[in-house]
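If you want the building blocks of each chain, they are given just below.
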Amino acid sequence: MAVSVCRLLGVAVLVASASGLLLGTFHSHHRTTHRSSRHTDPMALTKSNNYNNEDKAVIDLQLHTVRQPPAETLASLSKACKTLEVESFDVYGDYQSNPQQSYLRQFESEVAQRFGKDDAVFCLSGGMAQSIALMIHAKSYSSSNGRSSVRTFACHPTSHLLLHENNAYSELLGMEVIFTGNEKHFDKQNGRLGMAAMRLSDVNDILSSNDTLVTHPKQKSITCNDISTLMLELPHREIGGKLTPWDEVHGMSTLCKVKGVKFHCDGARIFEASAGYGHETLAQTAGPFDSIYISFYKGVGAVSGAMLLGNSAFIAEARVWLRRFGGNLYSVMPYAVSSWDGFRKNCVDNVFVERRRKLARVIDILNVDNDVQSIVQFDPPVPQCSMIHGYLKASLDDCKRALLTVEQSTGIRVLTRLSKINDDASS
């Protein structure tokens, strides 16, 4: 489908204009910027002066929070240390300390309590945290069931572990994976438009199967009894933030208990998921899971950082594995303080609920526009959390040119993560 650059510019201008509804929450301490009128002539934008002056930062709508320059970030960490009363460094995780003696242990304890879990351990990255969880569950499962031949976990075919970690689960952990649902969607070339979140029926088909199952990446033959862990991502990032129905999450948890399988949550965006479900507490969202990974640098806005949560025995073993993975640094103070500060500031007062509401309002505004309807398809049609994917029916080059023109003219970066999903030059 051929689409003119003029129409693309019109759509991009409308998105930038409608996004004014988002700026109050997402970018509250940016300067006031020009917002293009709904009726702005898109081609006139190409004649205007560039907006990227040195004293006017671009507003990036794909960032969950405002990213400060490095010097300002470090200055804010200094203020956070005073606010949080961090007066001494953590040393190798402060494993032997208690929350009264260590700011890091206090932070871990505070997060664990909010999520209704016994304990938590701070990690530098989600990749490390989830690898540790998979290894602990696999070893525990092998020991209790006398199985050690093929360590296997099950997850959605769009899991971060499969798409963005260079097969670390296989190369580092020696593990295999079984995909839930329809495996044809694993082909990036087809895109993921309309792909469903993990469903209870998908999980039941695997964990209750009487057939031989074939793993990835080494194509090994296993039975359902070889699966040690089921991993559920909430929300599913690669398919527009879709959520598994909550009653089915509970169903998965029950099924896992019956089968002796550990239920792990990839909760990189669990704050968004909890708001999407309408839960009153994070503990409600965490309840069905044996272990949970959460991220602090996404919606919470930290420099970097993650946390792994579970029962006391699980976290005690996770601390051992953290050292084995090389993640037990002499001090994680800058990352931990940034994470704690972001957690305190953003995980209160329905922040994530309001983000979802504002995104839904923007999508409503866009969906009544004829050009948007002809050029853009949103998936899911209505945001299930503060995330959504848009599929543009135009060439990649034309999209990039239109977006750059709008950014230079309005100071609003509408999109940056564009990818081509098929070989059609016009899509």
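Let us look at the structure shown here. Just so we're clear, the structure is a prediction, and the values are computed from it rather than from any experiment. (Residues numbered from 1 in each chain as written. Predicted model: local features only at pLDDT ≥ 70, side-chain atom pairs only at ≥ 80, totals over all residues. Heavy atoms only, no water.)

What about the overall build of the protein?
Along its length, the protein carries 16 helices and 13 strands. Within the protein, the proportion of its 427 residues that are buried is 52%. Counted over contacts in the protein with a minimum sequence separation of 6, partners at least 24 positions apart contribute 75%. (Helix = DSSP H or I, 4+ residues; strand = E, 2+ residues; numbered from the N terminus. Buried < 20%, exposed > 50% of the residue type's maximum accessible area, 1.4 Å probe, protein only. Contact = heavy atoms within 4.5 Å.)

Considering the sheet that holds strand 10 (residues 306-310)
The strand order across the open sheet formed by 7 strands is 2-10-9-8-7-3-4, and the pairing between neighbours is mixed. The sheet is open, and its two borders are formed by strand 2 (119-123) and strand 4 (176-179), each paired with just one other strand. Here the strands of the sheet are splayed against their neighbours by 20 degrees on average, with no regard to which way each runs. In the sheet, strand 8 (residues 262-267) pairs with strand 9 (residues 291-295) via 4 bridges, with the strands oriented parallel. Bridge pairing links Gly267 to Ile294 in strand 9. Along the sheet, helix 4 (residues 103-114) contacts strand 2, strand 9 and strand 10; its crossing angle with strand 2, the most-contacted strand, is approximately 125 degrees. (Pairing = 2+ DSSP bridges. Axes fitted to C-alpha atoms, helices over the stretch in contact; angles between N-to-C directions.)

Structural notes on empty space enclosed by the protein
The final tally for this structure, using the stated rule, is 4 cavities of 30 Å³ or more. The volume enclosed by the largest cavity comes to roughly 60 Å³. Lining the largest cavity are Gly93, Tyr95, Leu104, Glu108, Val121, Phe122, Leu322, Gly327, Asn328, Leu329 and Val332. Those elements giving two or more residues to the lining of the largest cavity turn out to be helix 4 and strand 2. Tallied by class, residues from the lining of the largest cavity come to 7 nonpolar, 3 polar and 1 charged. (1 Å grid on protein atoms, 1.4 Å probe; cavity = no way out; pocket = protein on both sides within 12 Å on 5 of 7 lines; lining within 4 Å. Points joined across faces, edges and corners; volume = space filled by probe spheres on them. Nonpolar A, V, L, I, M, F, W, Y, C, P; charged D, E, K, R; others polar.)

Considerations on the packing of helix 10 (residues 270-277) against helix 14 (residues 351-367)
For the pair helix 10 and helix 14, interaxial distance at closest approach is 8 Å and the crossing angle is 70 degrees. Between helix 10 and helix 14, the angle falls in the class roughly perpendicular. Taken together, the residues of helix 14 that come into contact with helix 10 (itself represented by Phe271, Glu272, Ala275 and Gly276) are Phe352, Val353 and Arg356. The class makeup of the residues in the contact of helix 10 with helix 14 is 4 nonpolar, 1 polar and 2 charged. (Parallel < 35°, antiparallel > 145°, perpendicular 65-115°, else oblique.)

Notes on the environment of Val414
The topology assignment puts Val414 in the segment after strand 13 (412-413). C-alpha separation for the pair Val414 and Val13, spaced 401 residues apart in sequence, amounts to 8.9 Å. Every residue in contact with Val414, bar those within four places of it in the chain, is listed here: Ala12, Val15, Ala16, Leu61, Gln62, Leu403 and Val406.

Overview of the pairing of strand 4
Here strand 4 shows two buried faces, one formed by Glu176 and Ile178 and the other by Val177 and Phe179. Where strand 3 (residues 152-155) and strand 4 come together, 4 bridges link them in parallel fashion. For Cys155, the partnering residue across the bridge sits in strand 4 and is Phe179.

Considering unusual backbone geometry
Note the cis peptide between Leu234 and Pro235, where omega equals -10 degrees. In this fold, Pro235 is placed in the loop between strand 7 (227-233) and helix 9 (246-259). Residues Asp379 and Pro380 are joined by a peptide bond in cis, for which omega reads 0 degrees. When you line up the elements, Pro380 lands in the loop between strand 11 (376-379) and strand 12 (389-392). Here the phi dihedral of Asn166 falls at roughly 55 degrees; this positive angle occurs in a residue that is not glycine. Phi at Asn350 takes a positive value of approximately 60 degrees, unusual for a residue other than glycine. Relative to the helices and strands, Asn350 is located in the loop between helix 13 (333-346) and helix 14. Taking the relative accessible area as the measure of exposure, Asn350 reaches 55% and is therefore exposed.

Observations concerning the packing of helix 4 against helix 13
Their axes nearest at 11 Å, the elements helix 4 and helix 13 cross at an angle of 35 degrees. The handedness of the crossing between helix 4 and helix 13 is left-handed. Mapping the contact onto sequence places Tyr103, Leu104, Gln106, Phe107, Glu110, Val111 and Arg114 in helix 4 and Met333, Ala336, Val337, Ser339, Trp340, Phe343 and Arg344 in helix 13. Residue composition of the contact of helix 4 with helix 13, grouped by class: 9 nonpolar, 2 polar and 3 charged. (Left-handed = near helix turned anticlockwise from the far one by under 90°.)

Some remarks on the packing of aromatic side chains
Counted under the stated rule, the structure contains 14 aromatic pairs. Ring plane angle 55 degrees and centroid distance 4.8 Å describe the contact between Trp246 and Tyr277, whose orientation is recorded as tilted. Of the two residues, Trp246 is situated in helix 9 and Tyr277 in helix 10; the sequence distance between them amounts to 31 residues. For the pair shown, Trp246 and Tyr277 are each scored as buried. (Phe/Tyr/Trp six-rings, centres within 6.5 Å; stacked < 30°, edge-to-face > 60°.)

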